[in-house]
Amino acid sequence: MFGGTLVLGFSLNMGMLSKEQVENRRLCLLVRHGQTDWNSQGRVQGQIDESRLLREYTCLCLLVLFLGNVTQCHHDSVCIAKGEEQARMVGRYLKGVQFDKVYSSPLNRARRTSEIALKEMSGRLTKDDINFMDELKEIRLPWQGMFKSDILSKYPEYETYHNSPAELEVDGFTPVHDLHVQSEAAWTKILSSDFDRCLVIAHNQTNRALLGKAMGLPVSRHHSFSQDNCCFNLIESRNGNLQLLWSNVSHDGVYVPTKKPPKDRVRLEMQCIAGLEAILKIDGEEYNFEGGSSSELLDRVQTSSSRHAVLIGGSLSDLCAEMMQIPSLKLCDGGVASILLRRNDPSFCPHLEVFCASKDAMNLVERPTGMQSPAFL
């Protein structure tokens, strides 16, 4: 507990933060690294790092090529041209924003993303000001480096990883649990530093753990958030209370999912419009949902044959929070949320694909690239 308020779902020593840090509004922008070659190939990266292993692979490949046993070899995951352009877009979007601190995972793909973004921002902070933290490294998995399509045949625990992440144990260690312990340490370090605005660049699974800690979720809810390459997550801290303003908002200003949901899932898109009665739209039909409960909504959406449903209305904040089982998740006027559900499976924990808390927060992602700095930041 922190001053009587739960902060990030774990205990933080009151003495770590100054009175001004507690009372003032602080903003943390969490970003995932740009796309890598392994992202595009469907390979698990984990803690494999180009900067450390490329030299080892190169030496090995040269040796093997010299011996004539192979005609080609591969190296580790690095940001490709698309990933570097994504990082530049992050920098252009944030141009003019003055961050007090920048934190990054030391793994090369995150390091490169942070360096490119800062250069594009042309602010007072440069790559020499980046604080590299081991606590922001990606999850360590026994199947890292493998194609996702090949993992299950060798590691049956892969199903446990997806369905019961808190119970995953492989070769004597617990990857997801360990990642959440690591993320707790990362938040403690970050929040004990002096800043009004900080930028954090990390990884897919690391960001999920950081968001889970911020929202007070247990390890079992690890897969509750989507994280696309170079997406934005904005967390506000005011008087010790944390509020999620953005989650998985695209670096190019898109806050609506572009991928089709899997066949066994249904996407529920919610938009809060003040003064409007709640209307649920499924398969071209409309239902008056004013005063409806989250359980009724789940039942109606999950039992439909459609893969897409839309809920529009003025009082959706409690519904969104109840569906995601995150009490602090507030969907206010003009806000949008996209939630992925599994059809005919009430035990499935809803998955937050995209979240933008309000009209004010949405305006931040609608502005043309290169225009004025985001008001929130």
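Our structure is the block above this text.
Below, the structure is looked at part by part. None of the values given here were measured: they were computed from a predicted structure.

**Details of the overall build of the protein chain**
Then, number 1: Looking only at helices and strands, the protein chain features 12 helices and 12 strands.
Then, number 2: Taking all 377 residues of the protein chain together, 53% fall into the buried category.
Then, number 3: Of the contacts formed within the protein chain by residues at least 6 apart in sequence, a portion of 74% connects residues at least 24 apart.
Then, number 4: Split by element, the accessible area of the protein chain, about 17,000 Å² in all, is 49% carbon and sulfur.

**Some remarks on the packing of helix H8 (residues 175–191) against helix H9 (residues 204–214)**
When two helices pack together, their arrangement is given by the angle between the helix axes and by the axis-to-axis distance.
Then, number 1: Running from amino to carboxyl end, H8 crosses H9 at an angle of 65°, the nearest separation of the two axes being 9 Å. Here H8 is positioned roughly perpendicular relative to H9, judged by the angle of their axes. Pair H8 / H9 crosses with right-handed handedness. Residue-level contacts link Leu179, His180, Ser183, Glu184, Ala186 and Trp187 of H8 to Gln205, Thr206, Ala209, Leu210, Lys213 and Ala214 of H9.
Then, number 2: A per-class count over the contact of H8 with H9 returns six nonpolar, four polar and two charged.

**Notes on the nonpolar core**
Then, number 1: Core analysis: the largest hydrophobic core is formed by 73 residues, its most contacted members being Leu94, Met270 and Leu311.
Then, number 2: Residues contacting Met270, with those up to four places away along its chain left out, are Leu311, Leu316, Leu319, Cys320, Leu331, Gly335, Val336, Ala337 and Ile339.
Then, number 3: The next biggest cluster of nonpolar side chains, apart from the first, holds 15 residues, and it includes Val44, Ile139, Leu141 and Val176.

**Topic: H8**
Then, number 1: Taking 1.5 Å as the rise per residue, H8 with 17 residues should run 24 Å; its terminal C-alpha atoms sit 24 Å apart, in good agreement.
Then, number 2: Where H8 is concerned, the buried positions are Pro175, Val176, Leu179, His180, Gln182, Ser183, Ala186, Trp187, Thr188, Ile190 and Leu191.
Then, number 3: Those residues of H8 that are buried lie in contact with strand S1 (25–32), strand S2 (101–104), helix H7 (157–163), strand S4 (197–202), H9 and strand S5 (232–238).

**What about the pairing of S1?**
Each regular strand carries side chains that alternate between the two faces of the sheet.
Then, number 1: Burial within S1 is extensive, with seven of its eight residues counted as buried.
Then, number 2: Pairing of S1 with S5, which is carried by seven bridges, proceeds in the antiparallel orientation. In the sheet register, Leu30 faces S5, and the bridge partner there is Asn233.
Then, number 3: Where S1 and S4 come together, six bridges link them in parallel fashion. Residue pairing across strands places Val31 opposite Ile201, the latter belonging to S4.

**A closer look at the side chain of Arg267**
Then, number 1: With respect to the element layout, Arg267 can be found in strand S7 (residues 265–272).
Then, number 2: Residues in contact with Arg267, not counting those within four places in the same chain, are Pro257, Lys259, Lys260, Pro261, Arg307, His308, Ala309, Ser338, Ile339, Leu340 and Glu353.

**Here's the deal with the packing of aromatic side chains**
Then, number 1: Under the criterion given, the structure shown has seven aromatic pairs.
Then, number 2: Summarising the aromatic geometry, the rings of Tyr158 and Tyr161 are spaced 6.1 Å apart at their centres and angled 10° between planes, so their arrangement reads as stacked. In this pair, Tyr158 and Tyr161 both sit in helix H7, three residues apart, roughly one turn of the helix. With respect to class, Tyr158 is no different from Tyr161; both count as buried.
Then, number 3: Ring pairing ties together the aromatic residues Trp143, Tyr155, Tyr158 and Tyr161, which thus form one cluster.
Then, number 4: Stacked on the ring of Trp38, the Lys or Arg Arg43 has its end atom at 3.8 Å from the ring centre.

Calculation notes
- Residues numbered from 1 in each chain as written.
- Predicted model: local features only at pLDDT ≥ 70, side-chain atom pairs only at ≥ 80, totals over all residues.
- Heavy atoms only, no water.
- Helix = DSSP H or I, 4+ residues; strand = E, 2+ residues; numbered from the N terminus.
- Buried < 20%, exposed > 50% of the residue type's maximum accessible area, 1.4 Å probe, protein only.
- Contact = heavy atoms within 4.5 Å.
- Areas by Shrake-Rupley, 256 points an atom, 1.4 Å probe, with all protein chains shown as cover.
- Axes fitted to C-alpha atoms, helices over the stretch in contact; angles between N-to-C directions.
- Parallel < 35°, antiparallel > 145°, perpendicular 65-115°, else oblique.
- Left-handed = near helix turned anticlockwise from the far one by under 90°.
- Nonpolar A, V, L, I, M, F, W, Y, C, P; charged D, E, K, R; others polar.
- Core = buried A, V, L, I, M, F, W, Y, C linked by side-chain atoms within 4.5 Å.
- Expected span 1.5 Å × (residues − 1).
- Pairing = 2+ DSSP bridges.
- Phe/Tyr/Trp six-rings, centres within 6.5 Å; stacked < 30°, edge-to-face > 60°.
- Lys NZ or Arg CZ within 6 Å of the ring centre and 35° of its normal.

That's the geometry; what it means functionally is another story.
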